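Topology and contacts: notes
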Amino acid sequence: MSTGLPFPNVSPELFTIPIFGMEFALRWYALAYIAGILIGWRIAVAAVKRVTLWAGDTPPMRPEQVEELLTWVILGVILGGRLGFVLFYQPSYYFANPLEIIAVWQGGMAFHGGLIGVILAALIYCMKEGLPLRPTADMMALATPPGLLLGRISNFINAELWGRPTDLPWGVQFPGQGAQSCGQALGEICARHPSQLYEALLEGLLLGAVLLWLAFRKGALKVPGRIVGLFIGGYGVARFLVEFVRQPDAQFVSEGNPLGLAWHLGGYGLTMGQILSVPMILIGVYLWTTARRA
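Residues numbered from 1 in each chain as written. Predicted model: local features only at pLDDT ≥ 70, side-chain atom pairs only at ≥ 80, totals over all residues. Heavy atoms only, no water.

1. Some details on the environment of Asn97
The test is simple: Put simply, DSSP H or I for four residues or longer makes a helix, DSSP E for two residues or longer makes a strand, and each gets a number counted from the N terminus. To sort residues, take the accessible area from a 1.4 Å probe on protein chains only and compare it with the maximum for the residue type: under 20% means buried, over 50% means exposed, and anything in between is partly exposed.
Relative to the assigned elements, Asn97 resides in the loop between α3 (91–96) and α4 (111–129). Asn97 sits in the partly exposed class, given a relative accessible area of 28%. Measuring from C-alpha to C-alpha, the distance between Asn97 and Thr290 comes to 44 Å, with 193 residues separating the pair along the chain.

See the structure below:
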């Protein structure tokens, strides 16, 4: 396939500093994590400071407690994201090479694992401090989309997690042997769906804008569970849809399974991302439908 747009000339690293014979680089991916956490923190603080947004004019916590919760969230993201990648996507490899599980600098994080880690961290903190669960979850859901937006953009800059081959005019000619091995004719360039940007727009920008509008303009925070229900279900739907054009992980692709389906029967099935998204959709629907105005 020779259609599509050339990949922009942008480096995954902002800058590199040599120190004592070693090179330390600041990468866009790390900056996205830092910026996403800081923006989410400020959104959460702004929400709890506006007491009239909450049921009974009572926020789930004080602004200083948001900072304490942030520490727990960061640990949940890192530990859950890494363990989720290990268990969901490459368990056999990491069970054979257990020391590489801690090598997070080599890449390999799973959103669904990170979400589980954040949920567990928040549960522990809420029980320790005696905080209400659903309003706290609403606050955290409200603060999460900026990190998703920036994270997916950094995936694009890193030329990773690209989509399936396409001849659509906005397909992107990602660099690298893996991206350019898609069965095209000799001498042609393979263009792929920029699935990272699809996710950035759906999970980050669109979902985030809807959540902010509902919370700050429509009083959704007065109905505990509504914001977090929409976030979890909305992310699940967005990820499920993008999986149709996202290139699956290599370990799921084989000659008899070119679509990389983690579960399939008679040529039809679901990718691992879709399998993990189905429970999110169901949980989101449950939280939304059971939310009650306090």
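2. Digging into the pattern of salt bridges
Note the cut-off: Salt bridge, as used here, is a side-chain nitrogen of Lys or Arg placed within 4 Å of a carboxyl oxygen of Asp or Glu.
A complete count under the given rule lists eight salt bridges for this structure. The salt bridge involving Glu129 is made with Lys128; its shortest N-O contact spans 2.6 Å. What makes Glu129 partly exposed here is its relative accessible area of 31%. For Arg239, the salt bridge identified is with Glu243, shortest N-O distance 2.8 Å. Comparing Arg239 with Glu243 shows no difference in burial state: the two are buried. Connected through salt bridges with shared partners, the residues Arg152, Glu199, Glu203, Arg239, Glu243 and Arg246 form a single ionic network.

3. Quick look at the side chain of Glu199
This is how the line gets drawn: Here a polar contact means two N or O atoms within 3.5 Å. Within protein one must be a hydrogen donor candidate and the other an acceptor candidate, and residues neighboring in sequence count only if both atoms are side-chain atoms.
With respect to the element layout, Glu199 can be found in helix α7 (residues 195–217). Separated by 2.9 Å, the side chains of Glu199 and Arg246 make a polar contact.

4. Describing the nonpolar core
Under the convention used in this document: The definition of a nonpolar core used throughout is a set of buried Ala, Val, Leu, Ile, Met, Phe, Trp, Tyr and Cys residues joined through side-chain atoms within 4.5 Å. The contact criterion used is simple: two residues touch if any of their non-hydrogen atoms lie within 4.5 Å.
Within the largest apolar cluster, 37 residues are counted, with the highest numbers of intra-cluster contacts made by Met139, Ile227 and Phe231. Only α1 (28–49), α2 (63–88), α4, α5 (133–143), α7, α8 (226–242) and α9 (272–290) provide two or more residues apiece to this core. Per-element tally for this core: the top contributor is α4, with six residues. Sequence-distant contacts of Phe231, defined by excluding residues within four places in its chain, comprise Phe111, Ala141, Thr144, Pro145, Leu148, Leu207 and Leu211.

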